[in-house]
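Below, each chain spelled out in residue letters.
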Amino acid sequence: MVTRRDLIGKSAALAGASVLISRAQGAAASQADASGQGWASSYSGSILPPQKPGEPGRDYTPTITPNGSTLPFKVVGGVKVFHLVAEEVHHEFAPGLKAHCWGYNGQVHGPTIEAVEGDRVRIYVTNRLRAPTTVHWHGVYLPNGMDGVGGLTQRPIPPGETFKYEWTFRQHGTLMYHSHHDEMTQMALGLMGMLVVHPRRPTPGYKVDKDFVLLLSEWFIKPGTARPDPNKMSDFNLLTINARAFPGTAPLVCKKGDRVRIRFGNLSAMDHHPIHLHGHYFKVVGTDGGPVPMSAQIPDSTILVPVGSTRDVELITDNPGDWPVHCHMTHHVMNQMGHDIPNMIGVDPGHLDHTARPLLPGYMTMGQEGMGDMAEMGMEVPKNSIPMVGGKGPFGYITMGGMFTTLKVRETGAETQADPGWYQHPPGTVADRATAAELARDGVVLPKEAK
């Protein structure tokens, strides 16, 4: 039997527990906001009403898109107005390789769109292609009719017409946009871009010095041709960062001590990309789902960016030099690979060259020592094609290509993204040939050469 006294005691206990839970939730929310990891609004919480349009420099540090640009906007009646134009673009992937692609506003990939949580945005999309298209706002929480899926949430935008998309941002983070009509064709030809939404209430005193945006993608352009092949399902032969392949990629320029954020997005057709940074470690601070709580951030030097995802990392550039940033899948740092060439590694050609040249003038056996030396030969390649690897570096030929760029950290300067040139190493800090005296001093005995 439950007495009146029991009932009063249990009610008091429940009320006390409710107060404690409420306080704990409030403290957790305050702590999250103070650390910069909390959302001012959330998918499950209340809708953040439209706010005064955020301004670059005042409300956020503008992002930098190497080899790209940021889409301009104007404010009309408190709404940020953008205009995207889908059109054919003659695009250069690297010196010597151009192709007829599809892009936005005259570039591949499209310009980065920036906004602030709570901004009301209106984006006009004009279709100058010969095919219908749409734009999907990848990862954005918005009304269903603005999601941009042809045939499902809207009718496709016919050639020559302009459609309007409009919503209020209820989140912040690194997002993307791309065609969602005949995606296999239209994304393979370049119709994609990055979308960055900054927090409405950033952490007081917390600010990054450089905020980079890198969109990863892959293509197949048969050597000698000038149009990406959208029907390719594997063996992509051109891997890009912001639609550029090394040696056409621009460096990420910073000064020592900068707090740097790098936002990676991956809209490749089939491949995930483990992006590795040399000379530093970073912390993973965000995904396309939102910020990662500080308690869950782990140090790393390689981040796997899955297809259709974004990953944000932050680091302090405390180690001067020219540091590679690249996909660690070895074929992803190559250009226009020849997948059907025979494997010649370790083959001794003997007198084959001498014997073959009367029949094939200029014949030369290649590949028996790998691809590195071949890159420096400067041999002819098919028209509108580039060598499989690299470009000139300060110590010789850099035998990498594709999804490869550099983080250039300098002691001073680096306020702009102008390439500062190659790093000047302090004396005694470059690996070089060991002297006989050094070997003798340290008791290093060299193995005898094989007979």
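Preceding this paragraph is the structure being described.
Keep in mind the model is a prediction, meaning the values are calculated, not measured.

Undergrad: Sorry if this is basic, but what is going on with the nonpolar core here?
TA: One broad rule of soluble globular proteins: the nonpolar side chains tend to lie buried together. Counting 27 residues, the largest nonpolar core has L84, I113, W137, W167 and L195 as its most contacted members. For this core, the secondary-structure elements that each account for two or more residues are β2 (79-94), β3 (97-104), β4 (113-116), β5 (120-127), β7 (162-168), β8 (173-178) and β9 (192-198). Those residues in contact with L84, other than ones at most four positions away along the chain, are L71, Y104, N105, P111, I113, I123, Y124, V125, T126, W137 and Y177.

Undergrad: Any chance you could explain the pairing of strand β19 (residues 309-316) here in plain terms?
TA: Every other side chain in a regular strand lies on the same face of the sheet, so the side chains alternate between the two faces. Among the 8 residues in β19, 7 count as buried, and that is most of the element. Sheet topology places strand β13 (residues 259-266) next to β19; 8 bridges connect them, and they run antiparallel. Pairing of F264 across the sheet is with R311, part of β19. Note: strand β15 (residues 282-287) against β19, 4 bridges, orientation antiparallel. Within β19, the position partnered with V284 by the bridge is V313.

Undergrad: Help me understand the packing of aromatic side chains in this model?
TA: Aromatic ring pairs: the centre-centre distance and the angle between the two ring planes describe each pair. Counted by the stated rule, this structure contains 8 aromatic pairs. Summarising the aromatic geometry, the rings of W167 and F169 are spaced 5.4 Å apart at their centres and angled 80° between planes, so their arrangement reads as edge-to-face. Using a relative accessible area of 1% as the deciding quantity, one classes W167 as buried. Note on F169: relative accessible area 2%, which makes it buried. Here the aromatic rings of F246 and F404 are separated by 4.7 Å at their centres, their planes lie at 70°, and the arrangement is edge-to-face. Of this pair, F246 sits in the loop between β11 (238-241) and β12 (252-255) while F404 sits in strand β23 (residues 404-410), placing them 158 residues apart in sequence. Here F246 matches F404 in class, with each residue buried. For the cation-ring pair, K232 lies above F220, with the distance from its terminal atom to the ring centre recorded as 4.4 Å.

Undergrad: Honestly, the environment of T126 in this entry has me stumped. Any pointers?
TA: Within the secondary structure, T126 is located in strand β5. Assessed through its relative accessible area of 11%, T126 is described here as buried. Put simply, T126 and K164 are 38 residues apart on the chain and 8.9 Å apart in space, counted from C-alpha to C-alpha. Beyond its immediate stretch of four places on either side in the chain, T126 contacts H83, L84, V85, A86, E161 and T162. One polar contact links T126 to T162, side chain to side chain, over a distance of 2.8 Å.

Undergrad: Where do I start with the sheet that holds β4 in this structure?
TA: Pairing between the strands of a sheet is mediated by backbone hydrogen bonds and can be parallel or antiparallel. Spatially, the 4 strands line up as an open sheet ordered β4-β9-β8-β6, and their pairing is mixed. The strands lining the two open edges of the sheet, one partner per strand, are β4 and β6 (136-138). Across this sheet, the average inter-strand angle for adjacent strands is 25°, counted without regard to direction. For β4 and β9, the ladder comprises 4 bridges, and the chain directions are parallel. When the sheet's bridge partners are listed, E114 is paired in β9 with V196.

Undergrad: What is the right way to look at the pattern of salt bridges in this model?
TA: It is possible for side chains of opposite charge to pair when their charged atoms get near one another. The full count for this structure, using the stated rule, is 20 salt bridges. Linking E166 and R120 is a salt bridge whose minimum nitrogen-to-oxygen distance equals 3.3 Å. Residue E166 is found in strand β7, and its partner R120 is found in strand β5; the two are separated by 46 residues along the sequence. Overall, R120 belongs to the partly exposed group, its relative accessible area being 28%.

Parameters at a glance
Per-chain numbering applies: the sequence of each chain, read as written, is numbered from 1 onward. It should be noted that, the model being predicted, local features are given only for residues of pLDDT at least 70 and side-chain atom pairs only at 80 or more, the latter also being counted only at that level, while totals for whole chains, interfaces and linings use all residues. Side-chain figures throughout are based on the complete set of non-hydrogen atoms in the structure, without hydrogens or water. Take the buried residues of types Ala, Val, Leu, Ile, Met, Phe, Trp, Tyr and Cys, join any two whose side-chain atoms come within 4.5 Å, and each joined set is a nonpolar core. For the exposure calls, accessible area comes from a 1.4 Å probe over protein chains only, and a residue counts as buried if that area is under 20% of its type's maximum, exposed if over 50%, partly exposed in between. Secondary structure follows DSSP: runs of H or I at least 4 residues long count as helices, runs of E at least 2 residues long count as strands, and numbering of each begins at the N terminus. Note on contacts: a residue pair qualifies if any of its non-hydrogen atoms lie within 4.5 Å across the two residues. Strands are treated as partners if at least two bridges between them are detected by DSSP. Planes of paired rings set the category: under 30 degrees apart is stacked, over 60 is edge-to-face and the rest tilted, where pairs are Phe, Tyr or Trp rings (Trp by its six-membered ring) whose centres lie within 6.5 Å. For a lysine, the NZ atom is tested; for an arginine, the CZ atom; a charge sits over a ring if that atom is within 6 Å of the ring centre and within 35 degrees of the ring normal. Pairing of N or O atoms within 3.5 Å defines a polar contact, subject to two protein rules: one partner must be a possible hydrogen donor and the other a possible acceptor, and residues neighboring in sequence count only if both atoms are side-chain atoms. What counts as an axis is a line fitted to C-alpha atoms, over the stretch in contact for a helix, and the angles between N-to-C directions run from 0 to 180 degrees. In what follows, salt bridge is the name for a side-chain nitrogen of Lys or Arg lying within 4 Å of a carboxyl oxygen of Asp or Glu.

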